[in-house]
Amino acid sequence: MTANGRSGASGVIRCTFVALRSVDVLFRRTVDLIDVPRIGERVQLWVEGDITIGGTVRDVRWSIPRAGQPIVTVQVELSARDHRRFARRVPLTSEPNDTD
């Protein structure tokens with residue numbers, strides 16, 4: 001079901017969440033949403049198995065192709081609690097536009 005109440009994927013936006021500890025990318029997860037979080041909003045999401053993280057959206061990047069659905073990259077700064085919780089986690093290899 002989409003935001004306008006119709007079935008189908010017409011209102012779906014592919015969102016890649018990039019969870020950051022300062023500039024280090026710790027988690028990356030892609031999901032389909034009908035609404036994109038805005039800068040300053042708090043988010044909570046599952047990233048691996050039973051691991052959930054929380055944080056604040058610090059940047060939103062839209063990529064709107066000529067044909068097809070838009071793609072969004074959402075940078076999330078981990079909460080203070082999750083900074084401490086994952087202080088020793090080895091960062092992921094960055095992909096283009098993760099922290100630009």
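Nothing here was measured: the structure is a model prediction, and the numbers come from that model.

Focus on the overall build of the protein chain
Right, on to step 1. In terms of regular secondary structure, the protein chain is built from one helix and five strands.
Right, on to step 2. Secondary structure elements in the protein chain, listed N-terminal to C-terminal, are β-β-β-β-β-α.
Right, on to step 3. Looking at the protein chain as a whole, 36% of its 100 residues are labelled buried.
Right, on to step 4. A separation of at least 24 residues holds for 49% of the contacts in the protein chain among residues at least 6 apart in sequence.
Right, on to step 5. By element, 51% of the accessible surface of the protein chain is carried by carbon and sulfur atoms, the whole surface being about 6,400 Å².

Here's the deal with the pattern of salt bridges
Right, on to step 1. Across all of its chains, the model carries eight salt bridges by this definition.
Right, on to step 2. Among the salt bridges present, the one from Arg 21 reaches Asp 24, with a minimum N-O distance of 3.5 Å.
Right, on to step 3. Between Asp 82 and Arg 85 there is a salt bridge whose closest N-O contact spans 2.9 Å. A residue pair is termed a helical-turn pair when its members lie 3 or 4 positions apart in one helix, as Asp 82 and Arg 85 do in helix α1 (residues 80-85) at three residues.
Right, on to step 4. Of the residues examined, Asp 82 reaches a relative accessible area of 2% and is grouped as buried.

Focus: the packing of aromatic side chains
Right, on to step 1. If you walk through the whole model with that rule in mind, you get one aromatic pair.
Right, on to step 2. Measuring from centroid to centroid gives 5.0 Å for Phe 27 and Phe 86, while their planes differ by 80°, and the two rings are edge-to-face. Taken together, the residues span a long stretch of sequence, with Phe 27 in strand β2 (residues 24-33) and Phe 86 in the segment after α1 at a distance of 59 residues.
Right, on to step 3. On the basis of relative accessibility, which here comes to 9%, the residue Phe 86 falls in the buried class.

Let's talk about the sheet that holds β2
Right, on to step 1. Strand order in the open sheet made by the five strands is β2-β1-β5-β4-β3, with mixed pairing throughout. Where the open sheet ends on each side, the last strands, each with one partner, are β2 and β3 (42-48). Direction aside, neighbouring strands of the sheet carry axes that sit 40° apart on average.

Observations regarding the side chain of Asp 59
Right, on to step 1. Structurally, Asp 59 is set in strand β4 (residues 51-63).
Right, on to step 2. A distance of 3.2 Å separates polar atoms of two side chains, one belonging to Asp 59 and the other to Arg 61.

Let's talk about the confidence of the model for the protein chain
Right, on to step 1. Here the protein chain shows a mean pLDDT of 86. Residues at 70 or above account for 83%.
Right, on to step 2. This model gives residues 1-7 a pLDDT under 50, and the stretch forms eight contacts once residues within four places in sequence are excluded.

Cut-offs and rules
Residues numbered from 1 in each chain as written. Predicted model: local features only at pLDDT ≥ 70, side-chain atom pairs only at ≥ 80, totals over all residues. Heavy atoms only, no water. Helix = DSSP H or I, 4+ residues; strand = E, 2+ residues; numbered from the N terminus. Buried < 20%, exposed > 50% of the residue type's maximum accessible area, 1.4 Å probe, protein only. Contact = heavy atoms within 4.5 Å. Areas by Shrake-Rupley, 256 points an atom, 1.4 Å probe, with all protein chains shown as cover. Salt bridge = Lys/Arg side-chain N within 4 Å of Asp/Glu carboxyl O. Phe/Tyr/Trp six-rings, centres within 6.5 Å; stacked < 30°, edge-to-face > 60°. Pairing = 2+ DSSP bridges. Axes fitted to C-alpha atoms, helices over the stretch in contact; angles between N-to-C directions. Polar contact = N/O pair within 3.5 Å; in protein donor to acceptor, adjacent residues only side chain to side chain. pLDDT = per-residue confidence, 0-100.

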